[in-house]
Amino acid sequence: MVKTLLERLGLASLSQAKKETLVQMTILSVACILSFSVRLSSVLRFESVIHEFDPYFNYRTTKQLVEQGYYEFHNWFDDRAWYPLGRIIGGTIYPGLMVTAAAVYNVLNFVNVTINIRNVCVFLAPLFSSFTVIVVYLLTKEVKSVGAGLVAASMISIVPGYISRSVAGSYDNEGIAIFCMLFTYYTWIKASKTGSICWSLTCALAYFYMVSSWGGYVFLINLIPLHVLTLMVTGRFSHRTYVSYCIMYSVGTILSMQIPFVGFAPVETSEHMAALGVFGLCQIYAFVTYLRANMSATNFNILFRTVVTIALTAAGLAFGIANFLGKIAPWTGRFYSLLDPSYAKNNIPIIASVSEHQPTTWASFYFDLQLLVFMFPVGLYYCFRELSDANIFVILYSITSIYFAGVMVRLMLVLAPIMCIMSGIGISTTLSIYMKNIESEGGPAVAASKSSKKKASDYPIKSEIATVIVTVVTLFLTTFVFHCTWVTSEAYSSPSIVLAARGHDGNRIIFDDFRESYNWLKFNTPENAKVMSWWDYGYQLTAMANRTIIVDNNTWNNTHISRVGQAMASPEDHSYTIMKELDVDYVLVIFGGMSGYSSDDINKFLWMIRIGGSTPEGEHIKESDYYSSTGEYKVDKDASKAMHDSLMYKMCYYRFGEIMTEQGKPTGYDRVRNQEIGNKDFELDVLEEAFTSEHWIVRIYKVKDLANRGTT
Amino acid sequence: EESNERITSSGINAEYGAITPADFLDFVDEGGNLIMTANDKVGEPIREIAAEVGLEVDEPGTAVIDHMNYDVADTGNHVLIVAGDFTSTEVIVGASPSPVLFHGVGMAADSENPLVIDILRASDTAYSHSPDQDILEYPLAIGSSLLLVAGMQARNNARVVVFGSHDMLSDKLYNAQAQTVASTTSQEAGNRGFVSAVADWALKRNGDLRFSAIKHNKVGEEPSDAAYRITDDVEYSIIIEEMRSGKWAPFQAKDVQVEFVRIDPFVRLFLVPDSAGNFKVSFKVPDVYGVFQFKVDYDRTGYTHLFSTTQVSVRPFRHTEYERFIPSAYPYYASAFSMMGGVIVFSFLFLYHKDTKPAAKTE
């Protein structure tokens with residue numbers, strides 16, 4: 001049948017190699033299209049909107065870039081964020097994403113494809129995931145074989161761990177960074193295999209693109225030196241590695257320093273020291289090899305010992321002095337929390353408060369990777385079986401990334417591609433071993449020649465075992481596809497700016513409170529009104545309501561965020577002084593008690609208390625004061641006085657005591673906490689209610705002026 | 001534009017129709033000025049309005065009694081008193097007012113209200129009580145905390161003045177001679193001058209300030225909307241005028257300050273007025289970027305609270321505005337160029353140098 005089809009298409013006359021290429025190209029294109037289309041469910045279900053929080057900022061900056069040009073973007077000082085400190089946007093972002101989107105936009109418009117910038121932003125991540133599919137294929141092909149590459153490419157196209165950050169509308173750095181990272185790895189493997197200057201320079205350029213798009217490049221610039229070091233230790237270090245690493249490191253570092261946000265970090269901070277050290281080590285290693293080749297063994301040994309002793313002492317001293325003088329910047333908190341998961345929790349509440357910085361649970365490994373979790377060790381085994389330079393690299397990549405993914409949920413994203421590559425290798429190798437063992441009835445000649453060749457490795461019911469294994473693998477692959485589609489559609493396609501829930505009759509209910517409220521702000525408040533909210537909503541507020549905000553998702557200033565936390569956690573009169581100090585006109589809170597939306601401000605309130613209390617001005621705010629006498633976090637009658645008096649509590653539950661939320665429950669019944677609120681009847685002194693959205697998810701208050709006639 | 005209202009203690013009672021104390025308070029909140037007088041028959045509405053502006057008027061039937069400083073014309077209850085403890089604010093009471101005759105109720109200021117101005121205080125020996133009854137309870141106020149005439153300037157700059165004595169404004173006391181029982185000489189009572197000065201102040205014929213024409217620009221440039229750059233030299237000017245006896249005149253105070261504020265003031269300078277009341281100062285923007293405000297916050301007793309903020313952004317250097325060649329970097333420039341030269345020379349040598357193979361090796 002296949003034959004007739006081929007004949008009809010006029011392809012039967014093609015040679016075997018050409019047919020193979022055709023099949024490969026077809027599989028790859030299907031995988032690319034699949035990876036693009038599977039990410040569109042959120043657009044189909046909702047509309048073409050930007051998702052979540054950070055993407056709104058990226059979208060806003062991209063608009064600026066498209067409208068004002070690169071230099072205005074580069075020098076952009078944003079006076080709408082972090083009032084009154086402002087933020088130098090050009091110097092505090094990775095511009096790769098915006099530049100990419102703007103380039104795509106300009107090219108398309110140049111060829112008269114009129115697409116607006118929002119749609120470019122929405123569809124950029126799916127587009128790049130298609131590119132990732134190709135890169136994964138190339139990378140796996142380089143490491144193992146074409147077959148493994150095709151399996152890996154098909155897997156990466158639908159693996160939920162990657163989809164979670166690259167659905168349409170999720171316009172974030174990670175969307176393109178995974179492509180950049182894998183492309184850099186691919187060029188690196190090419191470079192280290194061939195030792196060609198051209199590939200090394202390509203690798204440096206790819207690295208530059210990676211640096212310009214994501215802070216996660218630090219993983220890359222540590223992994224490549226680790227690879228080189230491993231090659232040295234295992235005695236596989238060659239001229240090829242030397243050439244490729246030296247070129248890649250020096251050119252790549254110089255290029256990366258052109259990104260203003262990175263600046264001098266590659267030569268100053270501890271995260272980059274490993275790369276520098278390995279670069280130095282390369283020179284020494286090469287020099288030593290040269291000397292050994294030109295000297296007698298005894299002379300060489302004497303020289304070697306002296307030099308090593310002196311060098312180690314000098315290096316130790318230099319590092320000590322530099323550290324003491326503060327020349328090597330202290331390791332940043334995010335980095336510490338990678339090495340010690342409990343570090344952030346104990347020391348930096350602002351890092352620990354972000355849910356994607358939490359350690360990963362076992363369940364989410366299975367949820368995001370499913371089959372790959374089991375096939376990963378198989379692939380690892382096959383890689384160890386035939387060690388090569390490239391194999392060592394992917395082994396290192398998989399081992400390090402599995403550790404990092406365990407530390408931080410967010411880094412699941414880095415793990416997903418290598419899981420696909422390893423599983424691709426595993427599945428492909430397994431299948432190609434057992435497929436051969438299935439004896440086909442129609443080809444006795446082939447079977448005969450094979451059996452004569454492989455007599456030694458023959459065993460009983462060989463064909464049956466092979467059939468079972470192939471069937472099981474096929475079954476697993478099928479469930480993998482179903483699982484991935486289900487996860488994508490259920491868990492990762494929600495824009496989180498528009499919420500959906502199922503009503504009693506199973507109908508989908510859409511909560512569009514966020515956009516309703518941001519538009520209210522946009523059309524009903526003065527142009528330069530200052531809005532205070534918890535930092536999560538900062539980016540959305542500036543992008544959608546176009547109002548000045550106090551803090552946003554770029555959590556660069558602890559003190560400022562802490563000040564807002566203090567305002568939220570303090571009683572009204574104390575909050576008032578803080579709000580006046582910050583010139584706040586409106587306060588916005590997210591409240592889920594009415595609708596059952598659980599990631600609201602009352603649930604985040606503990607973090608506000610912790611962050612608020614983490615600076616000297618907020619010393620009076622103590623977490624323990626906000627717990628009930630039994631040490632629980634509650635909002636009902638048992639809640640502490642500090643809780644009841646706090647501005648956050650009052651803003652969330654103002655007039656809530658009059659409302660019946662659920663049948664058979666008393667008034668003022670909070671549907672998220674499942675408690676009847678403890679303080680139902682109170683008035684606000686320093687605020688007045690300005691707006692409450694349809695489902696009460698967003699509540700906006702106006703800060704009152706001082707009483708006109710004194711304190712009456 | 002300005003609306004004023006005067007009411008007297010007999011002025012409002014239950015029959016006054018639809019106007020309630022709340023209407024008067026709304027009137028003040030909308031910017032109207034209010035003068036009220038009271039006496040020992042003070043009614044509840046007056047007391048209610050007074051309470052809302054931070055003054056507690058003593059109960060009907062009480063009077064301010066001073067056994068040491070009553071006027072010689074007093075009829076025996078020691079309630080016609082000579083008072084001379086004026087506020088030192090010249091713009092309210094005029095220059096060197098002479099003691100006035102007072103006969104009426106006393107008031108106490110609400111300690112919680114920072115806006116109350118003590119215009120005329122009773123002497124140390126005065127107290128407020130019913131003249132006919134024994135003193136069994138502590139009086140509302142005694143001594144200098146007992147106010148005879150008090151004012152309040154609301155946050156919207158509306159002014160309210162309460163005279164504790166209705167008679168004080170009468171022709172009889174305007175033309176009377178004042179002589180305390182202890183002194184031997186008499187002088188003309190200062191009521192006429194004092195009352196007209198206070199009324200002028202209350203009706204904003206005096207001590208009213210207004211500003212206009214706020215300008216800020218880079219030195220030597222026209223004002224524009226563009227953000228300032230750190231370390232720019234800027235000029236700030238504001239025209240302030242003062243209402244003096246009903247006419248606007250240039251304000252001439254030497255103590256008006258402008259602040260350049262980002263949460264805290266980074267710069268605080270005195271503004272120098274010229275003869276036209278144009279206050280000006282120039283300074284260097286601090287080396288700190290952010291959203292700043294030019295803030296004039298001139299709050300002096302008796303004057304309108306002058307408050308003006310102008311928001312400006314201060315941006316950091318653009319990428320082209322940094323110094324191009326830094327002297328301390330010359331060693332690095334030198335090393336970079338010598339390196340380039342070295343590479344060229346080395347490559348030249350490497351490419352065009354041929355090793356002469358030593359004969360020993362070939363053997």
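Cut-off values and rules
- Residues numbered from 1 in each chain as written.
- Chains lettered and ligands numbered in written order.
- Predicted model: local features only at pLDDT ≥ 70, side-chain atom pairs only at ≥ 80, totals over all residues.
- Heavy atoms only, no water.
- Helix = DSSP H or I, 4+ residues; strand = E, 2+ residues; numbered from the N terminus.
- Rg over C-alpha atoms; globule rule 2.2 N^0.38 Å.
- Buried < 20%, exposed > 50% of the residue type's maximum accessible area, 1.4 Å probe, protein only.
- Contact = heavy atoms within 4.5 Å.
- Areas by Shrake-Rupley, 256 points an atom, 1.4 Å probe, with all protein chains shown as cover.
- Lys, Arg positive; Asp, Glu negative; His and termini not counted.
- Charge placed at Lys NZ, Arg CZ, Asp CG, Glu CD.
- Pairing = 2+ DSSP bridges.
- Core = buried A, V, L, I, M, F, W, Y, C linked by side-chain atoms within 4.5 Å.
- Salt bridge = Lys/Arg side-chain N within 4 Å of Asp/Glu carboxyl O.
- Polar contact = N/O pair within 3.5 Å; in protein donor to acceptor, adjacent residues only side chain to side chain.
- Nonpolar A, V, L, I, M, F, W, Y, C, P; charged D, E, K, R; others polar.
- Axes fitted to C-alpha atoms, helices over the stretch in contact; angles between N-to-C directions.
- Parallel < 35°, antiparallel > 145°, perpendicular 65-115°, else oblique.
- Left-handed = near helix turned anticlockwise from the far one by under 90°.
- Phe/Tyr/Trp six-rings, centres within 6.5 Å; stacked < 30°, edge-to-face > 60°.
- Lys NZ or Arg CZ within 6 Å of the ring centre and 35° of its normal.
- Arc of directions from axis to C-beta.

(A) Geometry of the overall build of chain B. Looking only at helices and strands, one finds 7 helices and 24 strands in chain B. Its C-alpha atoms give chain B a radius of gyration of 36 Å, clearly above 21 Å, the size a compact globule of 363 residues would have. The C-alpha extent of chain B, read off along each of the three principal axes, is 145 × 50 × 45 Å. Burial statistics for chain B: of 363 residues in total, 44% are counted as buried. In chain B, the share of contacts with a sequence separation of at least 24, taken over all contacts with a separation of at least 6, comes to 65%. Total accessible area computed for chain B in this model is approximately 19400 Å², and 52% of it derives from carbon and sulfur atoms. If you average the places of the 29 positive and of the 51 negative side-chain charges in chain B, the two averages end up 17 Å apart.

(B) How the structure looks around the sheet that holds strand 16 (residues 228-229) of chain B. Residue and element names in this part refer to chain B. Judged by pairing direction, the sheet is mixed, and its 5 strands sit side by side in the order 16-24-23-19-20 without closing on themselves. Looking at the sheet topology across the chains shown, the edges are occupied by strand 16 and strand 20 (264-270). Of the pairings in the sheet, the one linking strand 19 (residues 257-262) to strand 23 (residues 290-298) comprises 4 bridges and is antiparallel in character. Looking at the pairing, V261 lines up with Q293 of strand 23.

(C) Region of interest: the nonpolar core. The biggest cluster of nonpolar side chains holds 200 residues, and the ones touching the most others in it are Y185(A), L588(A), F605(A), Y653(A) and L687(A). Counting residues in hydrophobic clusters, the runner-up holds 57 residues, among them V91(B), L148(B), A199(B) and V296(B).

(D) Here's a closer look at the interface of chain B and chain A. Listed per partner, the contact involves 27 residues of chain B and 24 residues of chain A. Where chain B touches chain A, the interface holds 3 salt bridges. Across the salt bridge formed by R709(A) and E52(B), the nearest N and O atoms sit 3.2 Å from each other. Counting every contact that joins chain B to chain A gives 14 residue pairs in polar contact (both at pLDDT 80 or more). Secondary structure elements with two or more residues in the side of chain B that touches chain A: helix 1 (21-29), helix 2 (44-52), strand 23 and strand 24 (306-315) of chain B. Per-element tally for the side of chain B that touches chain A: the top contributor is strand 24 of chain B, with 4 residues. Grouping the constituent residues of the side of chain B that touches chain A by class yields 13 nonpolar, 7 polar and 7 charged.

(E) Expanded view of the pattern of salt bridges. All names here are of chain A. Per the counting criterion, the structure on display carries 40 salt bridges over all chains. Across the pair D536 and K604 runs a salt bridge whose closest N-O atoms are separated by 2.7 Å. Of the two residues, D536 is situated in the loop between strand 5 (530-532) and helix 27 (538-545) and K604 in helix 30 (residues 601-612); the sequence distance between them amounts to 68 residues. You'll find D536 and K604 in the same group, each marked buried. The salt bridge involving R563 is made with E581; its shortest N-O contact spans 3.0 Å.

(F) Local environment of the packing of helix 2 (residues 16-38) of chain A against helix 7 (residues 117-143) of chain A. Residue and element names in this part refer to chain A. In the contact formed by helix 2 and helix 7, the axes pass within 8 Å of each other and the chain directions differ by 150°. Classed by the angle they form, the pair helix 2 and helix 7 counts as roughly antiparallel. The element helix 2 and its partner helix 7 pack so that their crossing is right-handed. Contact residues: Q24, L28, A31, C32, S35 and F36 in helix 2; F123, P126, L127, S129, S130, V133, I134 and Y137 in helix 7. Per-class residue counts for the contact of helix 2 with helix 7 are 10 nonpolar, 4 polar and no charged.

(G) Representation of the packing of aromatic side chains. All told, the structure shown has 59 aromatic pairs over all chains when counted by the stated rule. Between the aromatic rings of F36(A) and F123(A), the centroid separation amounts to 6.5 Å while the plane-to-plane angle is 25°, which identifies the pairing as stacked. Within this pair, whereas F36(A) is found in helix 2, its partner F123(A) is found in helix 7, the two being separated by 87 residues in sequence. Classification of F36(A) by relative accessible area gives partly exposed; the value is 26%. Judged by relative accessible area, F123(A) falls into the partly exposed class, the value being 25%. What links up through ring pairs into an aromatic cluster is the set Y228(B), Y236(B), F260(B), F266(B), F283(B), F292(B) and F294(B). Here the basic side chain of R610(A) rests over the ring of W607(A), its NZ or CZ set 4.5 Å away from the ring centre.

(H) Quick peek at the environment of M232(A). Residues and elements named next belong to chain A. Take M232: it is sitting in helix 12 (residues 217-233). The sequence separation of M232 and C282 amounts to 50 residues, and the corresponding C-alpha distance is 8.6 Å. Once you skip the residues sitting within four places of it in the chain, M232 turns out to touch F237, V278, L281, C282 and Y285.

(I) View of the packing of helix 10 (residues 173-194) of chain A against helix 13 (residues 239-256) of chain A. Residue and element names in this part refer to chain A. As a packed pair, helix 10 and helix 13 sit with axes 6 Å apart at the nearest point and diverge in direction by 140°. Looking at the two axes, helix 10 sits oblique to helix 13. Seen from helix 10, the contacting residues are W188, A191, S192, K193 and T194; seen from helix 13, they are R240, T241, S244, Y245 and M248. Here the residues of the contact of helix 10 with helix 13 sort into 4 nonpolar, 4 polar and 2 charged.

(J) Examining the side chain of S570(A) more closely. Among the secondary structure elements, S570(A) is positioned in the loop between helix 28 (558-569) and helix 29 (572-581). Apart from the residues within four sequence positions on either side, S570(A) is in contact with S575(A), H620(A), I621(A), Y626(A), D645(A), S646(A) and L647(A).

(K) Quick look at the sheet that holds strand 10 (residues 687-692) of chain A. All names here are of chain A. With respect to topology, 5 strands assemble into an open sheet ordered 6-5-7-11-10, the strand pairing being mixed. At either end of the open sheet lies a strand with only one pairing partner, and these are strand 6 (548-549) and strand 10. As judged from the 2 bridges shared by strand 5 and strand 6, these two strands associate in the parallel manner. For K530, the partnering residue across the bridge sits in strand 6 and is T548.

(L) Seen up close, unusual backbone geometry. Looking along the chain, the bond that leaves Y83(A) and enters P84(A) is cis, with omega of -5°. Inspection of the secondary structure puts P84(A) in the loop between strand 1 (77-78) and strand 2 (87-88). Although it is not a glycine, N157(B) adopts a positive phi angle of roughly 70°. The exposure class assigned to N157(B) is buried, which follows from its relative accessible area of 12%. The phi dihedral of S245(B) falls on the positive side, at around 50°, and the residue is not glycine. Within the fold, S245(B) resides in the loop between strand 17 (233-244) and strand 18 (247-250). For S245(B), a relative accessible area of 49% corresponds to the partly exposed category.

(M) Main features of the pairing of strand 10 of chain A. Residue and element names in this part refer to chain A. Two elements, strand 10 and strand 11 (residues 698-703), share 5 bridges in a ladder whose sense is antiparallel. Within strand 11, the position partnered with F691 by the bridge is I700. Here strand 10 folds back onto strand 11, and the loop between the two strands holds 5 residues, one of which, W696, carries a positive phi near 60°.

(N) View of helix 20 (residues 362-369) of chain A. Residue and element names in this part refer to chain A. Those residues of helix 20 that fall on the buried side of the exposure criterion are S364, F365, D368 and L369. Summarising the axial view, the buried residues of helix 20 lie within an arc of 110°, below the 170-degree limit, and thus occupy one face. Set apart from the buried face of helix 20 by more than 90 degrees, the exposed residues are W362 and A363. Just past helix 20, the residue Q370 takes up positive phi, approximately 45°.

(O) Layout of the environment of D74(B). Residues and elements named next belong to chain B. Positionally, D74 belongs in the loop between strand 4 (63-66) and strand 5 (81-83). Sequence spacing of D74 and H103 is 29 residues, and the spatial spacing of their C-alpha atoms is 9.6 Å. Excluding anything up to four places from it in sequence, D74 contacts V79 and L80.

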